[in-house]
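# Coordinates in review
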Amino acid sequence: MPNTDVSSLSMLGQQTETAQSPEEAVLEKVPSNYAGTDYVVRFTAPEFTSLCPMTGQPDFAHIVIDYIPGEWLVESKSLKLFLHSFRNHGAFHEDCSIYIAKRIVGLLDPRWLRIGAYWYPRGGIPIDVFWQTGKPPEGVWLPEQGVATYRGRG
């Protein structure tokens, strides 16, 4: 099994403070040992939190990020801390969701990426956000994200 070069990482294996905002948060990457092989990497953040920019009240989401790596993988501790940096950040659901996806795309230049952000309703209306970079490559096993549409008590 190949070794992964982690020499450029600044957070892994060290105590790291959470950034005060997503813009300040550092995302790190490591080389993929299987560049040229199409496979899906999935990150699930079932307890994502941000703040409503109008009321300052917390908003909650279940976020699923699927991507097909190119040359790079996102380092998971940096991704976790990046997502955590939204806890005191005011932004609409759409802004949070697309910003997350575009930051990852900008870091990795993956072959393909999609995000499903399943927001819990406030005021009775769930606002779910979905985006992808294009069609996934042919022949890739791409499971459904498996998050049911919000039904309330129904």
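Our subject is the structure that appears above.
Let us look at the structure shown here. (Residues numbered from 1 in each chain as written. Predicted model: local features only at pLDDT ≥ 70, side-chain atom pairs only at ≥ 80, totals over all residues. Heavy atoms only, no water.)

### Focus on the nonpolar core
Ranked by size, the top nonpolar core spans 26 residues in total, and within it Phe48, Ile63, Phe82, Ile100 and Ile104 carry the most contacts. For this core, the elements supplying multiple residues, two or more each, are β2 (41-51), β3 (58-68), α1 (76-84), α2 (93-108) and β5 (112-119). (Core = buried A, V, L, I, M, F, W, Y, C linked by side-chain atoms within 4.5 Å. Buried < 20%, exposed > 50% of the residue type's maximum accessible area, 1.4 Å probe, protein only. Helix = DSSP H or I, 4+ residues; strand = E, 2+ residues; numbered from the N terminus.)

### Comments concerning the layout of surface pockets
If you roll a probe as big as a water molecule over the atoms, it shows you where there is empty space left. There is about 240 Å³ of room inside the largest pocket. As for the largest pocket, its lining consists of Phe43, Thr44, Ala45, Pro46, Glu47, Phe48, Thr49, Leu79, Lys80, Leu83, His84 and Arg87. Going through the elements one at a time, β2 and α1 are the ones with two or more residues in the lining of the largest pocket. For the lining of the largest pocket, the leading source of residues is β2, giving seven residues. (1 Å grid on protein atoms, 1.4 Å probe; cavity = no way out; pocket = protein on both sides within 12 Å on 5 of 7 lines; lining within 4 Å. Points joined across faces, edges and corners; volume = space filled by probe spheres on them.)

### So, the pattern of salt bridges
Considering all chains together, one arrives at three salt bridges under this definition. Across the pair aspartate 38 and arginine 111 runs a salt bridge whose closest N-O atoms are separated by 2.6 Å. Of the two residues, aspartate 38 is situated in the loop between β1 (29-31) and β2 and arginine 111 in the loop between α2 and β5; the sequence distance between them amounts to 73 residues. Residue classification places arginine 111 among the partly exposed positions, given a relative accessible area of 47%. One salt bridge in this structure joins arginine 114 and aspartate 66, with 2.8 Å as the shortest N-O distance. (Salt bridge = Lys/Arg side-chain N within 4 Å of Asp/Glu carboxyl O.)

### Here we look at the packing of aromatic side chains
By the definition in use, this model includes seven aromatic pairs. Centroid distance phenylalanine 43 to tyrosine 67: 6.4 Å. Interplanar angle 10°. Geometry classified as stacked. Of the two residues, phenylalanine 43 sits in strand β2 while tyrosine 67 sits in strand β3, which places them 24 residues apart along the sequence. Note on tyrosine 67: relative accessible area 1%, which makes it buried. Considering the side-chain rings of phenylalanine 86 and tyrosine 99, the 6.3 Å spacing of their centres and the 70° angle between planes classify their relative orientation as edge-to-face. In this pair, phenylalanine 86 sits in the loop between α1 and α2 while tyrosine 99 sits in helix α2, placing the two residues 13 residues apart along the sequence. Residue tyrosine 99 is classed as partly exposed on the basis of its relative accessible area, which comes to 27%. Within the aromatic cluster, the residues linked to one another by ring pairs are Phe48, Phe82, Phe86, Tyr99 and Trp119. Stacked on the ring of tryptophan 72, the Lys or Arg lysine 29 has its end atom at 4.3 Å from the ring centre. (Phe/Tyr/Trp six-rings, centres within 6.5 Å; stacked < 30°, edge-to-face > 60°. Lys NZ or Arg CZ within 6 Å of the ring centre and 35° of its normal.)

Note that all results are geometric; they support no functional claim without further evidence.
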